Amino acid sequence: METDIKELKNKYISELKKLEKVSGTTISIYEKEIVEFIEYLKEEDALKIGALKIDFYIKKMKEIYSEVSVKRKIASLNGFYKYLQKRGDVETNPFFGIKFVVGKTVEQRVEIPFYEFEKIKQSCDETPKGIRDKFFITLLMKNNIKINDIVNIKMKDVIKKNEICSLKKTEIKVIFLEPCEEKLLEEYLANRDLIEEGFEEKLFKGLTRQNFRIRFQNYCKNLGLKEMSPSQIKNTIQKIEVRESLENNSLKLEKIREEYMRIKIGDE
């Protein structure tokens, strides 16, 4: 994977040179910052890193470099991952929304309250496209489902009213629906044919990743919310999963300790 990310880095640098909007010196700095980050990751897949890895990286850089340098590194990597996201190489840009003010600490994007996602979902109107968007957001809010997976669900993948099953290159992706989600799917399917544009084999007729992002941001704007992207839903869910996993592990250890003490093989 290291070779792959280096090739993508070379393509990105080549694109910057073609645009002729950035000086050669600045491009060289960008390339150096990206290479440094790739070396930091070592054998880890640079296309699958999340917010927690970025937090660790920023903390490490603060120990070595000045605030101005850290700010520049964040900007360089944000541009690179924005390019990768646009190409479809990554689901989310892990550097998106990170704010850095020289003289203050680096702040990771604030975790968005889950109720705001629910508010966006409920704001979808009752038109066929609105019902489609509402069901799409519903799947976005479920665990372990990538945005591209949802976009590419086919009609034949809807096995039962509560089960969507699609075959990927290396795995079978199964999505189980709760009763309220079943009803929403049923409502959407009843209105799907009223959507004129789009590929007939796709469940979400008329939707691409790009045009859904625009529709999602319009919902945010209409609600007076700060601009968000669908990817932020996935980032928030990822953080919640990590936090819950840590909390569950902590509870398990505490229960084990209590049991040891109960049978008197623990510390007095």
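This structure is a prediction, so every number in the text was calculated from the model and none was measured. (Residues numbered from 1 in each chain as written. Predicted model: local features only at pLDDT ≥ 70, side-chain atom pairs only at ≥ 80, totals over all residues. Heavy atoms only, no water.)

### Concerning a negative patch on the surface
Item 1. Side chains of Asp125, Glu126, Glu186 and Glu187 sit close together on the surface and give a patch of like negative charge.
Item 2. Residue placement: Glu187 occurs in helix H8 (residues 179-191).
Item 3. With a relative accessible area of 31%, Glu187 lands in the partly exposed category. (Patch = residues over 30% accessible without salt bridge, like charges linked within 9 Å, V, L, I, M, F, W, Y side chains within 5 Å. Areas by Shrake-Rupley, 256 points an atom, 1.4 Å probe, with all protein chains shown as cover. Salt bridge = Lys/Arg side-chain N within 4 Å of Asp/Glu carboxyl O. Lys, Arg positive; Asp, Glu negative; His and termini not counted. Charge placed at Lys NZ, Arg CZ, Asp CG, Glu CD. Helix = DSSP H or I, 4+ residues; strand = E, 2+ residues; numbered from the N terminus. Buried < 20%, exposed > 50% of the residue type's maximum accessible area, 1.4 Å probe, protein only.)

### Side note on the environment of Ile164
Item 1. Tracing the backbone through its elements, the reader meets Ile164 in strand S4 (residues 163-167).
Item 2. Leave out the neighbours within four places in its chain, and Ile164 touches Phe135, Leu139, Ile153, Asp157, Val158, Lys173, Val174, Ile175 and Leu203. (Contact = heavy atoms within 4.5 Å.)

### Examining helix H6 (residues 128-140)
Item 1. Helix length check: H6, at 13 residues, gives a terminal C-alpha distance of 19 Å against a target of 18 Å (1.5 Å per residue), a fit within 8%.
Item 2. Within H6, eleven of the 13 residues are buried, leaving the element largely enclosed by the surrounding structure.
Item 3. By the burial criterion, the buried members of H6 are Gly130, Ile131, Arg132, Asp133, Lys134, Phe135, Phe136, Ile137, Thr138, Leu139 and Leu140. (Expected span 1.5 Å × (residues − 1).)

### Here's the deal with the pairing of S4
Item 1. In the sheet, strand S3 (residues 158-160) pairs with S4 via two bridges, with the strands oriented antiparallel. Within the sheet, the bridge partner assigned to Lys160 lies in S4 and is Glu163.
Item 2. The antiparallel hairpin formed by S3 and S4 contains two residues in its connecting segment.
Item 3. Taken together, the five bridges between S4 and strand S5 (residues 172-176) define a ladder with antiparallel strand orientation. Within the sheet, the bridge partner assigned to Cys165 lies in S5 and is Val174. (Pairing = 2+ DSSP bridges.)

### Re the environment of Gly88
Item 1. Counting through the fold element by element, Gly88 comes out in the loop between helix H4 (67-87) and strand S1 (99-100).
Item 2. The spatial distance from the C-alpha of Gly88 to the C-alpha of Arg209 is 9.6 Å, given a sequence separation of 121 residues.

### Comments concerning the confidence of the model for the protein
Item 1. Confidence in the prediction of the protein, expressed as mean pLDDT, is 81, and 80% of residues score 70 or more.
Item 2. When mean pLDDT is taken per element in the protein, H8 scores highest with 94 and strand S2 (residues 106-107) scores lowest with 46. (pLDDT = per-residue confidence, 0-100.)

### Considerations on the pattern of salt bridges
Item 1. Under the definition given, this model contains 16 salt bridges.
Item 2. Taking the shortest distance from any N to any O, the salt bridge between Glu163 and Lys160 comes out at 3.5 Å.
Item 3. Classification of Glu163 as buried rests on a relative accessible area of 16%.
Item 4. Salt bridges sharing partners connect three or more residues here, namely Glu33, Glu36, Arg72 and Lys73.

### Some points on the side chain of Glu181
Item 1. In this fold, Glu181 is placed in helix H8.
Item 2. Among the polar contacts listed, one links the side chain of Glu181 to the side chain of Lys142, at a separation of 3.1 Å.
Item 3. Setting aside residues up to four positions removed in sequence, Glu181 forms contacts with Phe135, Thr138, Lys142 and Phe176. (Polar contact = N/O pair within 3.5 Å; in protein donor to acceptor, adjacent residues only side chain to side chain.)

### Re the nonpolar core
Item 1. Ranked by size, the top nonpolar core spans 33 residues in total, and within it Phe135, Leu139, Leu203 and Phe204 carry the most contacts.
Item 2. If you look at the next biggest cluster of nonpolar residues, it comprises 27 residues, including Tyr12, Leu16, Leu77 and Tyr81. (Core = buried A, V, L, I, M, F, W, Y, C linked by side-chain atoms within 4.5 Å.)

### With respect to helix H3 (residues 51-64)
Item 1. Helix length check: H3, at 14 residues, gives a terminal C-alpha distance of 20 Å against a target of 20 Å (1.5 Å per residue), a fit within 8%.
Item 2. By the burial criterion, the buried members of H3 are Ala51, Ile54, Tyr57, Ile58 and Met61. Angularly, the buried residues of H3 cover 115° about the axis, an arc narrow enough to put them on a single face. When the buried face of H3 is taken as reference, the exposed residues oriented beyond 90 degrees from it are Phe56, Lys59 and Glu63. (Arc of directions from axis to C-beta.)

### Focus: the packing of aromatic side chains
Item 1. Taken as a whole and assessed by the stated rule, the structure comprises 14 aromatic pairs.
Item 2. Measuring from ring centre to ring centre gives 5.1 Å for Tyr12 and Tyr83, while their planes differ by 45°; the resulting arrangement is tilted. One end of the pair, Tyr12, is in helix H1 (residues 2-19); the other, Tyr83, is in helix H4, with 71 residues separating them in the sequence. For the pair formed by Tyr12 and Tyr83, the shared burial category is buried.
Item 3. Through a chain of ring-to-ring contacts, the aromatic side chains of Tyr12, Phe37, Tyr40, Tyr57, Phe80, Tyr81, Tyr83 and Phe95 assemble into a single cluster. (Phe/Tyr/Trp six-rings, centres within 6.5 Å; stacked < 30°, edge-to-face > 60°.)

### Considerations on the side chain of Glu182
Item 1. Examined against the element boundaries, Glu182 turns out to sit in helix H8.
Item 2. Those residues in contact with Glu182 that sit more than four places away from it in its chain are Lys161, Asn162 and Leu177.

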